Amino acid sequence: MIGFIITAYAGLEHAFEADHLLAVNSLVTNRNTLKESVKDGVFWGIGHTLTIFVVAVLMIGFKVTVSESVFNYLEATVGLMLVFLGIYRMSKLFKKYTHSHTYSHSHTLSKNDPKSHLHWHTYSHSHRITTSNHTHPNTSNSFSAAFGVGLVHGLAGSGALVVLVLSQMKTTTEGLLYILIFGLGSIIGMFIASGLFSLPYGKTILKSQKLQMGLIIVSSLLCILYGGKVIYENLL
């Protein structure tokens, strides 16, 4: 029993690693409510656990051997994903606050007016918008994104985890059970982390849009820089 508790705690602690926090932070900055943010965390945790479990089944159940170099490439893939998340989040931010619209319309003067004519006007303008005026929710896609990020993150370090389990567990069933408990701990950990990270971006906590924008830019840059560091360490 104590072993299961320790494993669950290890999974919870695993969720608070820097690359995990940066990725989920990029996801929850799109949210306005705590409920949606923690759902992102849960979906990330489910995706993360699923990948680790699949790797565990292959390595423990089917005795598939994976070289260390393969996991280095997988780690680099995680770094690439972090860079993409940071760039995507910043581009989405600027599109959200400043974008252009092109309008066209026509009108016809009265039939009794001898100068009646038909003409068109086309013009474009840029303007700032607020989240309260323009919202385009697409929660299903966003939750799918959190799940996908979790899947990719599960690749990083999964090999080392499975090898550790193999060295301590006596049976395949016991090993897979420990992996699932570890995954449950990571889901709980990310549930907590995503909720905490969402607080500065909620309308009730931080009402300054400029400050929110600054936080998003900083977090996105950190995501890009850390992702670059991961790529460099694993490929170069």
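Residues numbered from 1 in each chain as written. Predicted model: local features only at pLDDT ≥ 70, side-chain atom pairs only at ≥ 80, totals over all residues. Heavy atoms only, no water.

A.B. asks: What's the story with helix 1 (residues 2-14) in this structure? I'm lost.
C.D. replies: For the α-helix, the turn length of 3.6 residues means that residues three or four positions removed from each other point alike. Along its 13 residues, helix 1 runs 18 Å from first to last C-alpha, staying within 8% of the 18 Å computed at 1.5 Å per residue. Along helix 1, the residues that are buried comprise Thr7, Gly11 and His14. In an axial view of helix 1, the angular spread of the buried residues amounts to 60°, which keeps them on one side of the axis. For helix 1, exposure combined with an orientation more than 90 degrees from the buried face picks out Ile2, Ile5, Ile6 and Tyr9. Elements that come into contact with the buried residues of helix 1 comprise helix 2 (18-28), helix 3 (34-61) and helix 7 (172-198). (Helix = DSSP H or I, 4+ residues; strand = E, 2+ residues; numbered from the N terminus. Expected span 1.5 Å × (residues − 1). Buried < 20%, exposed > 50% of the residue type's maximum accessible area, 1.4 Å probe, protein only. Arc of directions from axis to C-beta. Contact = heavy atoms within 4.5 Å.)

A.B. asks: Sorry if this is basic, but what is going on with the packing of helix 1 against helix 7 here?
C.D. replies: Any two packed helices are characterised by the angle at which their axes cross and by the distance between the axes. Direction vectors running N to C along helix 1 and helix 7 enclose 45°, while the axes themselves pass 6 Å from each other. It follows that helix 1 is oblique to helix 7 by the angle criterion. Of the two elements, helix 1 crosses helix 7, and the hand of that crossing is right-handed. Along its contact with helix 1, which presents Gly3, Phe4, Thr7, Ala8, Ala10, Gly11, Leu12 and His14, the element helix 7 presents Leu177, Tyr178, Ile181, Phe182, Gly185, Ser186, Ile188 and Gly189. Grouping the constituent residues of the contact of helix 1 with helix 7 by class yields 9 nonpolar, 7 polar and no charged. (Axes fitted to C-alpha atoms, helices over the stretch in contact; angles between N-to-C directions. Parallel < 35°, antiparallel > 145°, perpendicular 65-115°, else oblique. Left-handed = near helix turned anticlockwise from the far one by under 90°. Nonpolar A, V, L, I, M, F, W, Y, C, P; charged D, E, K, R; others polar.)

A.B. asks: Whenever I open this one, the nonpolar core confuses me. Can you help?
C.D. replies: Burial of nonpolar side chains together is a common tendency in soluble globular proteins. Core analysis: the biggest nonpolar cluster contains 18 residues, and Leu85, Val149 and Met190 have the highest contact counts within it. Elements with a minimum of two residues in this core: helix 2, helix 4 (68-97), helix 5 (139-155) and helix 7. For this core, the element with the most residues is helix 2, which contributes 6 residues. If we skip the residues at most four places from it in the chain, valine 149 touches Ala23, Leu27, Trp44, Met81 and Leu85. Counting residues in hydrophobic clusters, the runner-up holds 14 residues, among them Ile52, Leu161, Tyr178 and Phe182. (Core = buried A, V, L, I, M, F, W, Y, C linked by side-chain atoms within 4.5 Å.)

A.B. asks: Whenever I open this one, a nonpolar patch on the surface confuses me. Can you help?
C.D. replies: A surface patch of nonpolar side chains, about 720 Å² in accessible area, is lined by Phe16, Leu34, Leu184, Ile188, Phe191, Ile192, Leu196 and Leu199. In terms of residues, the nonpolar patch owes the most to one element, helix 7, which gives 5 residues. Among the structural elements, phenylalanine 16 can be located in the loop between helix 1 and helix 2. (Patch = residues over 30% accessible without salt bridge, like charges linked within 9 Å, V, L, I, M, F, W, Y side chains within 5 Å. Areas by Shrake-Rupley, 256 points an atom, 1.4 Å probe, with all protein chains shown as cover. Salt bridge = Lys/Arg side-chain N within 4 Å of Asp/Glu carboxyl O.)

A.B. asks: Looking at this model, I keep getting lost on the packing of helix 3 against helix 7. Mind explaining?
C.D. replies: Where helix 3 contacts helix 7, the axes come no closer than 8 Å and their chain directions differ by 160°. Judged by the angle between their axes, helix 3 and helix 7 are roughly antiparallel. In this structure, helix 3 meets helix 7 at a crossing whose hand is right-handed. For the contact of helix 3 with helix 7, the class distribution of residues is 18 nonpolar, 13 polar and no charged.

A.B. asks: Can you help me understand the layout of surface pockets in this one?
C.D. replies: Where empty space is left in the structure can be found by rolling a water-sized probe over the atoms. By volume, the second largest pocket is sized at about 240 Å³. Lining the second largest pocket, in full, are Gly3, Ile6, Thr7, Ala10, Leu161, Leu164, Val165, Gln168, Met169, Tyr178 and Phe182. Of all the secondary-structure elements, those providing two or more residues to the lining of the second largest pocket are helix 1, helix 6 (158-168) and helix 7. Its residues assigned to classes, the lining of the second largest pocket shows 8 nonpolar, 3 polar and no charged. (1 Å grid on protein atoms, 1.4 Å probe; cavity = no way out; pocket = protein on both sides within 12 Å on 5 of 7 lines; lining within 4 Å. Points joined across faces, edges and corners; volume = space filled by probe spheres on them.)

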